[in-house]
Amino acid sequence: MASFSSKPALVTLRQVLSELRKQATSKKLAENQMARYILSQYRKHQTTDQQLCKAADEMHFRAKTYYDYLHFSRRYKEINAEFKGKGERTVEETARMVGFKLPHDPK
């Protein structure tokens with residue numbers, strides 16, 4: 001959450017808001033309490049990160065870490081849902097799942 005106008009901070013803010021939008025039940029960010037909090041923190045530390053007497057990029061690092069957490073938890077849920085155990089699979093289904101095709105038998 002470095003300077004609000006710096007390019008890396010703005011990119012990270014957009015990434016975090018995008019992930020929140022993907023995971024939220026409501027598509028409106030104005031109704032999302034987490035989005036409002038993140039925007040308020042960006043505005044609070046808009047002028048400088050030195051207000052908290054911390055390293056210059058620490059607030060941006062925290063925002064990037066939060067984005068990574070949101071992104072990879074969403075990806076985990078997607079992958080888990082796709083490959084979750086569904087009981088016994090046939091050889092064809094398993095091969096198709098990993099991207100292979102079985103040779104067909106000429107009869």
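The paragraphs below set out a description of the structure included in this document.

Cut-offs used in this document
- Residues numbered from 1 in each chain as written.
- Predicted model: local features only at pLDDT ≥ 70, side-chain atom pairs only at ≥ 80, totals over all residues.
- Heavy atoms only, no water.
- Helix = DSSP H or I, 4+ residues; strand = E, 2+ residues; numbered from the N terminus.
- Expected span 1.5 Å × (residues − 1).
- Buried < 20%, exposed > 50% of the residue type's maximum accessible area, 1.4 Å probe, protein only.
- Contact = heavy atoms within 4.5 Å.
- Arc of directions from axis to C-beta.
- Polar contact = N/O pair within 3.5 Å; in protein donor to acceptor, adjacent residues only side chain to side chain.
- Salt bridge = Lys/Arg side-chain N within 4 Å of Asp/Glu carboxyl O.

1. Side note on helix 3 (residues 58-83)
Phase 1 of the analysis: Here helix 3 is 26 residues long and its end C-alpha atoms lie 37 Å apart, about the 38 Å a rise of 1.5 Å per residue gives.
Phase 2 of the analysis: Three or more residues of helix 3 are buried, namely M59, H60, A63, Y67, L70, H71 and R74.
Phase 3 of the analysis: Buried residues along helix 3 sit against helix 1 (7-23) and helix 2 (33-44).

2. Comments concerning helix 2
Phase 1 of the analysis: With 12 residues, helix 2 ought to run about 16 Å at 1.5 Å a step, and its terminal C-alpha atoms sit 16 Å apart, in line with that.
Phase 2 of the analysis: All of the buried residues along helix 2 are A35, I38, Q41 and Y42. For helix 2, the angular spread of the buried residues around the axis is 125°, confining them to a single face. Exposed positions of helix 2 whose direction lies more than 90 degrees from the buried face are Q33, Y37, R43 and K44.
Phase 3 of the analysis: The inward-facing, buried residues of helix 2 contact helix 1 and helix 3.
Phase 4 of the analysis: At the N-terminal end of helix 2, a side-chain oxygen is found 2.9 Å from the backbone nitrogen of M34, two or three residues along, and the residue is N32.

3. Some thoughts on the pattern of salt bridges
Phase 1 of the analysis: Applying the stated criterion across every chain, the model contains 4 salt bridges.
Phase 2 of the analysis: Two residues, K22 and E19, come together in a salt bridge whose shortest N-O distance is 4.0 Å. Within this pair, K22 and its partner E19 are both found in helix 1, separated by 3 residues, close to a single helical turn.
Phase 3 of the analysis: A salt bridge links E78 to R75; its shortest N-O distance comes to 2.8 Å. In this pair, E78 and R75 both sit in helix 3, 3 residues apart, roughly one turn of the helix.
Phase 4 of the analysis: Relative accessible area serves as the criterion here: at 34%, R75 is assigned to the partly exposed category.
Phase 5 of the analysis: Here the salt bridges share partners, and the residues they tie into one network are E19, K22, R74, R75 and E78.

4. Brief notes about the side chain of R74
Phase 1 of the analysis: Within the secondary structure, R74 is located in helix 3.
Phase 2 of the analysis: Given a relative accessible area of 15%, R74 falls into the buried group.
Phase 3 of the analysis: Here E78 takes part through its side chain, which lies 2.9 Å from a polar atom of the side chain of R74.
Phase 4 of the analysis: If sequence neighbours within four positions are ignored, R74 has contacts with E19, K22 and Q23.

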